[in-house]
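Each chain, letter by letter, is given below.
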Amino acid sequence: MAASTPSPRDTGFPAEGRCSYYVEKKKRFCRMVVAAGKRFCGEHAGAAEEENTRKRILCPLDPKHTVYEDQLAKHLKKCNSREKPKPDFFIQDINAGLKDETEIPEQLVPISSLSEEQLENLIKKLRKASEGLNSTLKDDIRSHPALLDALNDPRNGDSAIKHLKQQASILGNIEKLKLLGPRRCFVEFGAGKGKLSHWVDIALKDAEKVHFILVEKVTTRFKVDGKHRKENSVFERLQIDIQHLCLSKIPVLREGKLPVVGIGKHLCGVATDLALRCLIETYAASYEERNEEPLAKRIKNDKTETKVNTLAKEGNERNVPEKWSPVAGIVIALCCHHRCDWRHYVGKEYFRALGLGAVEFHYFQRMSSWATCGMRKTLLEAADITTERQDRQNDSSEEHDDGGCRVADDGADGLPGTLTVEEKKKIGHLCKLLIDQGRIQYLQQKGFIPALQNYIDPLVSLENVLLTALPFHSSSSQTTG
């Protein structure tokens, strides 16, 4: 039997062409390739005797790497962390909403620091504001043939299957609303790897003139949109915060009359409000202004709202006037209400009408986390909570716009009073419902028919609510399957 090749450490020398610096923590030599005639890589050049006269400093743009002090000016011009020129579709804070400093208190104490009386008053306000709201959403769990093979593939583990089930149900709801068709542009907010758009493209097969815009503010590894090479569909990825995105400045939407379908899977708190404003106030409004068309009539009174909801439930297309809309529809899986922000929230008018403001919104958004945190003991009996939390972390890295979905620091423990786990869970759900109801009213006022439904079993994902909306003046205004 041939003797095995000795490792660099066994011989006391680094591998050929590699750095001679011995990393004590890793018990091995550095494996970086060195320049011709050098013994050390750039990071460890300071340890080399011949390089002692040159000093390396932390890069001011990104302290994760170093640079020679005498080459700093040159390095700053080409550093990957340098600020890049802003594209045309970047307009600072265009979707941020109005900032009213007088409404936002300087400092609020955590929920755990509230007295029993203060907490009780907040809960009373919540219950009064929620009177008349249907706290039980309709289940509309769907699937789609496009994902059938993937769902039955034994190579996919539990985590992958959970994501696929959610994507299948979202895709089924997109199809139910008759939004799955040719000659349109799908804008996926918080796209992550782009898997939702991937399955939409698979479902569309050879549909003509389909464009995908994937919006994600962070650099993402293992993207799937680069694998698509179909002639009839185009994938375009934008690395930008939704807060600064102006869709009407994107060439394909500026030049062609493509109706937009806004989609998203687990779009964290504030990102949902930014996406709604991006679609409706920034894009739709600017399109109608450019084409000198009047804005859709706002739905202002309860009587009109009832009529709209009746039309939606019955799917009565004949009573809906024909009108092309720049936003054909919205299908967004909601997530992480505890990460909402009063400045960006689209339902401020709804909250004010209920006698609520920034302070109540702040505490309601924090208490919304009880809807999931308070379920820990219950879920331990029904499912593997460790796997579920890992899946939510996977969601964070893949599909969350803000790059992470962390539980609110005001958890279910250490609270004043004697609220039970079940009571906290109900209060958390009421907080979510109230925040979502503000979004519903906003969409109604902007001429849309919105709806909320449970699109997946809570054992698959605790964040299982889907927000959908169709323009009122649209021949496809149906919400029945």
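Numbers given for residues are sequential positions, taken from 1 along each chain in its written order. In keeping with the predicted nature of the model, local features appear solely for residues at pLDDT of at least 70, side-chain atom pairs appear and are counted solely at 80 or more, and the whole-chain, interface and lining totals rest on all residues. In computing side-chain properties, one takes all heavy atoms of the structure into account and sets aside hydrogens as well as water.

Two rings from Phe, Tyr or Trp (for Trp, the six-membered ring) form a pair when their centres are within 6.5 Å of each other. A pair whose planes differ by under 30 degrees is stacked, one over 60 is edge-to-face, and the rest are tilted. Applying the stated rule across the entire model yields 11 aromatic pairs. Between Trp342 and Phe351, the aromatic rings sit 6.2 Å apart at their centres with planes inclined by 65°, giving edge-to-face as the arrangement. With 5.3 Å between their ring centres and 55° between their planes, Trp342 and Phe361 make a pair best called tilted. Of this pair, Trp342 sits in the loop between β9 (327-335) and α10 (348-353) while Phe361 is found in helix α11 (residues 358-367), placing the two residues 19 residues apart along the sequence. Of the two residues, Trp342 and Phe361, both sit in the buried class. Taken together through their ring pairs, the aromatic side chains of Trp342, Tyr345, Tyr350, Phe351, Phe361 and Phe364 make up a single cluster. In this text, helices come from DSSP runs of H or I with a minimum length of four residues, and strands from runs of E with a minimum of two, each type numbered from the N-terminal end. Relative accessibility under 20% of the residue-type maximum defines a buried residue, over 50% an exposed one, and the middle range a partly exposed one, all with a 1.4 Å probe and only protein chains included.

The next thing to look at is unusual backbone geometry. Positive phi, normally seen in glycine, also occurs at Arg183, with a value near 55°. With a phi angle near 55°, Lys205 is a residue other than glycine that sits in the positive phi range. With respect to the element layout, Lys205 can be found in the loop between α6 (195-204) and β6 (210-215). Using a relative accessible area of 61% as the deciding quantity, one classes Lys205 as exposed.

Our next topic: the environment of Gly428. Along the chain, Gly428 turns up in helix α15 (residues 421-445). Take Gly428: its relative accessible area is 0%, and that puts it in the buried class. C-alpha of Gly428 to C-alpha of Phe364: the two residues are 64 residues apart in sequence and 8.1 Å apart in space. Every residue in contact with Gly428, bar those within four places of it in the chain, is listed here: Met367, Ser368, Trp370 and Ala371. Every residue pair with non-hydrogen atoms within 4.5 Å of one another is taken to be in contact.

Bringing the nonpolar core into the picture now. Remark: nonpolar core denotes a set of buried residues (Ala, Val, Leu, Ile, Met, Phe, Trp, Tyr, Cys) joined through side-chain atoms within 4.5 Å. Ranked by internal contacts, the top residues of the largest apolar core, which has 40 residues, are Phe189, Ile242, Leu245, Leu247, Ile330 and Leu443. At the level of secondary structure, the elements contributing two or more residues to this core comprise β5 (184-189), β6, β8 (260-268), α8 (269-290), β9, α15, β10 (448-454) and β11 (465-471). Among the elements that make up this core, the one with the highest residue count is α8 (10 residues). Excluding anything up to four places from it in sequence, Leu247 contacts Val187, Leu253, Cys278, Leu279 and Tyr283. If you look at the next biggest cluster of nonpolar residues, it comprises 34 residues, including Ala146, Ile174, Leu179 and Leu214.

Glancing now at the sheet that holds β6. Here the rule is simple: two strands pair whenever DSSP picks up at least two bridges between them. Reading across from one edge, β7-β6-β5-β8-β9-β11-β10 is the order of the seven strands in this open sheet, with mixed pairing throughout. Unpaired on one side and paired on the other, β7 (233-238) and β10 mark the two borders of the sheet. In this sheet, neighbouring strand axes are inclined to one another by 15° on average, regardless of whether the strands run parallel or antiparallel. Bridge count for β10 against β11 is seven bridges, and the pairing is antiparallel. Paired with Pro450 across the bridge in β11 is Ala469. Note on method: axes are straight lines fitted to C-alpha atoms, helices fitted across the in-contact stretch only, with angles between N-to-C directions ranging 0 to 180 degrees. Relative to the sheet, helix α5 (residues 158-176) contacts β8, β9, β10 and β11, its axis offset from that of β8 by approximately 150°. On top of the sheet, α15 reaches β9, β10 and β11; it is set at about 155° to β10, its chief contact.

With that settled, consider the pattern of salt bridges. Salt bridges are defined as contacts in which a side-chain nitrogen from Lys or Arg sits within 4 Å of a carboxyl oxygen from Asp or Glu. As enumerated under the stated definition, the model contains 13 salt bridges in all. The partner of Glu463 in a salt bridge is Lys432, with the nearest N and O atoms 3.0 Å apart. Of this pair, Glu463 sits in the loop between β10 and β11 while Lys432 sits in helix α15, placing them 31 residues apart in sequence.

Only a pair of cysteine sulfur atoms within 2.5 Å counts as a disulfide in this structure description. On inspection of all chains with the given rule, the structure shows zero disulfides. Free of any disulfide, Cys79 has its nearest cysteine sulfur in Cys59, 3.9 Å distant. Looking at Cys79, the relative accessible area reads 3%, which means it is buried.

That's the geometry; what it means functionally is another story.
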